[in-house]
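The chain contents come next:
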Amino acid sequence: MNPYKDFKEVVKTELEGLIQDGTLPADLDLSRVAVEPPRDAAHGDLATNAALVLAKPAGVKPRDLADTLAKRLRGHADVSDVEVAGPGFINLRLHDRYWHGCLASILRAGASYGDSDLGRGRAVNVEYVSANPTGPLTVGHARGAVVGDAMAAIMAKAGFSVTREYYINDAGTQVDTLARSAYLRYREALGEEIGEIPSGYYPGEYLKDVGQALAARDGPKWLAQPEAEWLPEARRFAIDSLMDLVREDLAALGIEHDVFTSERALVEAGGVDAVLKTLEARGLVYTGTLEPPKGKAPEDWEPRPQTLFRATDFGDDVDRPLRKSDGSWTYFSSDMANHLDKYRRGASTLIDVWGADHGGYVKRMKAAVEALTEGQGRLEVMICQLVKLTRQGVPVKMSKRAGVFVTLREVIDEVGKDVVRFIMLTRKNDAPLDFDLTKVMEQSRDNPVFYVQYAHARVRSVMRHAQEAFPAIAQDPETLANSHLHFLTDSDELALIRLLAQWPRLVESAAETFEPHRVAFYLYDVAAAFHGLWTKGKDNTRLRFLIEGNPELTAARLALIRGTAQVVASGLDVFGVQPVEEMR
RNA sequence: GCGCCCGUAGCUCAGUUGGAUAGAGCACGAGCCUUCUAAGCUUGGGGUCGCAGGUUCGAAUCCUGCCGGGCGCACCA
């Protein structure tokens, strides 16, 4: 049940009536007509801008049209009051029983409440994390991981068929460096004194395990070999080991991808050739020489003819090279293959979650997707800004290169996966995020994780008390939905129901705008409304949830708080966060 | 130099895709604990929405130009 959607239909029906009787012209475009919750509760339950949007094309004054439309809306069974306000808004107030009906349907819908058919089953591919397999995941990776996972869950709830994908960058020079670093540790494992790790190698301790494992499996067979012999095997072994590590880290965050695509395998299978073929067929590949970048030319810049993709035809700033100077494919080329592959597997909407340092890459990839899919595919890139990790306000140093970094695992061990996940979603992904290890464990309103979880726990606590005090009241959703909900008459009770009624709308807007953080703010609002009600009962005993000697009223209030907990749980589920039964 | 993102209360940030008198938390002022969990609640002050134009019934939101901050800028990934 989605009141805003339902009443949009009601408004449209009335507008069509006005078209039929000739009051409004026949060719009127109703697409901009909206029915929304007004910002100010004094403006009623729902508001529509219909008269404002249609007045001009219809050639009438907004207020006049509003009056005409208002008259018709007054006749609707669920509408208790209609007023025309401001420049021509129509504010609707609905009978309490309508909102009681909403609560009942929320309870009956259970976990599926908030599900939408917005996506109509269309396929969406969400690619996230895709970290190079050269070390354990860091807190920075975690943001992309959580944002991508939540976005995927939101798309799924909004009715899309979602694939969660991880693209393994296992083909570039970085994994060769990894292989050499692992080989060094392999020699070390076999008793060799390797001394200080030379620069240009990954120094991390975690590679010791890899070296030892390789030594345990293969013994000294690689020691006397030249690099060309051992490197491919060391590389394969190291990548496999580190991907296992990455998968473990992701599992600790509760994240599981559906598909892992290997860049190397994709290239070997001719993925880039397919890209080239597609682009050449459209005349989008040529040989040319690029201008050096203005302002900050690289020292080793030399004008040189290159194989280029006409990215400028699709809004990019310059055409992009497809081959490196040694003739091998650029990262961009293989990533194009990756995107073409995802598209050919059926996803016309592609969502990529990237770190801020890849911001300059967005235009070319969008251009590539447009070119490769002849405009049929759409790429949305969610850029995640830096996470500033602090402890009591003091920055915690992170440096992957130096090997002395804060791993995701350490942070999870300290504060728990649910806290990490929730906090990562409390900001727009393209804004920097402050993550204070001390603050996120505080039990105060200042800490959104706690505040939202506490709302859920508080409901469960009251339900437990109710079981003791009112053993006759069954607490299942169906029974509560059938209780005397008309006893819910307090303005704050009704306001809470209206807020709960916005959940489907919120899911859709988060999906349409690719903004998972909206869910976090919504949950905070729901928690605040609930806590407010709880406190109101402290001052006014008649507003408590459990009313001695009045099981009917108590059941109705239990329905309200159970519905609240259900929506909170639904939102947390989208975030991959477990709602708690009690605070400890 | 160019591109992308950002600029909203003292601080940290929302702002329903262009709507009505711009909101919340923290901090500050004033109140509130015999209670279903005070791990909180109520209430007050606090704003040229970076600046200047433009678009229109209507702009924090869209366009242009500035100012300030972040990221990026052949052949890395």
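Since the model is a prediction, treat every value here as computed from it, not as a measurement. (Residues numbered from 1 in each chain as written. Chains lettered and ligands numbered in written order. Predicted model: local features only at pLDDT ≥ 70, side-chain atom pairs only at ≥ 80, totals over all residues. Heavy atoms only, no water.)

1. Examining the confidence of the model for chain A
Per-residue confidence for chain A gives a mean pLDDT of 92; residues scoring 70 or more make up 98%. Taken together, the stretch residues 399-404 has pLDDT below 50 and engages in 11 contacts with residues farther than four places along the chain or on a different chain. Predicted complex metrics record ipTM = 0.94 and pTM = 0.95. (pLDDT = per-residue confidence, 0-100. Contact = heavy atoms within 4.5 Å.)

2. Digging into the pairing of strand E13 (residues 387-391)
In this structure, E13 lies alongside strand E15 (residues 433-436), joined through 4 bridges in parallel fashion. Note on E15: the bridge partner recorded for Leu389 is Phe435. In this antiparallel pair of consecutive strands, E13 and strand E14 (residues 394-395), the connection spans 2 residues, and Gln392 shows a positive phi of 50°. (Pairing = 2+ DSSP bridges. Helix = DSSP H or I, 4+ residues; strand = E, 2+ residues; numbered from the N terminus.)

3. Quick notes on the protein's contact with RNA strand B
Not every one of the 66 residues close to RNA strand B is listed here, only the nearest: Glu36, Lys56, Thr513, Trp534 and Arg544. Expressed as a percentage, the sugar and phosphate content of the atoms of RNA strand B within 4 Å of the protein is 57%. Between RNA strand B and the protein, one listed contact pairs a base oxygen with a side-chain N or O atom of Arg304 at 3.3 Å. Put simply, the parts of the chain that give the surface near RNA strand B at least two residues each are helix H2 (50-58), strand E4 (89-94), helix H6 (173-189), helix H15 (448-469), helix H18 (503-513) and helix H19 (517-539). Here the residues of the surface near RNA strand B are counted per class, giving 24 nonpolar, 18 polar and 24 charged. (Near = heavy atom within 4 Å. Polar contact = N/O pair within 3.5 Å; in protein donor to acceptor, adjacent residues only side chain to side chain. Nonpolar A, V, L, I, M, F, W, Y, C, P; charged D, E, K, R; others polar.)

4. Notes on the nonpolar core
Soluble globular proteins tend to pack their nonpolar side chains together in the buried interior. Counting 153 residues, the largest nonpolar core has Leu15 and Phe435 as its most contacted members. Top contributing element to this core by residue count: helix H20 (residues 551-575), with 12 residues. Dropping the residues within four chain positions of it, Phe435 is found in contact with Val387, Lys388, Leu389, Thr390, Val411, Val415, Val420, Ile423, Met424 and Val440. (Core = buried A, V, L, I, M, F, W, Y, C linked by side-chain atoms within 4.5 Å. Buried < 20%, exposed > 50% of the residue type's maximum accessible area, 1.4 Å probe, protein only.)

5. Regarding the sheet that holds E13
Taken together, 3 strands build an open sheet; the order of strands is E14-E13-E15 and the sheet is mixed. Bordering the open sheet on either side are E14 and E15, each of which pairs with just one other strand. Bridge count between E13 and E14: 2 bridges; the pairing is antiparallel. For Thr390, the partnering residue across the bridge sits in E14 and is Pro395.

6. Considerations on the packing of aromatic side chains
Scanning the model with the defined rule gives 15 aromatic pairs in all. When the ring of Phe7 is compared with that of Tyr98, the centres are 5.7 Å apart and the planes differ by 75°; the resulting orientation is edge-to-face. Pair noted here: Phe7 is in helix H1 (residues 3-20) and Tyr98 is in helix H4 (residues 96-109), with a separation of 91 residues, a long-range link. Take Phe7: its relative accessible area is 2%, and that puts it in the buried class. Looking at Tyr98, the relative accessible area reads 7%, which means it is buried. Both rings, one in Tyr331 and one in Tyr361, keep their centres 6.1 Å apart while their planes meet at 45°; by these two values the pair is tilted. Here Tyr331 is found in helix H11 (residues 331-344), whereas its partner Tyr361 is found in the loop between strand E11 (349-355) and helix H12 (362-372), with 30 residues between them in sequence. For Tyr361, a relative accessible area of 11% puts it in the buried group. Through pairs of rings, three or more aromatic residues link up here, namely Phe309, Phe314, Tyr331, Phe332, Trp354 and Tyr361. (Phe/Tyr/Trp six-rings, centres within 6.5 Å; stacked < 30°, edge-to-face > 60°.)

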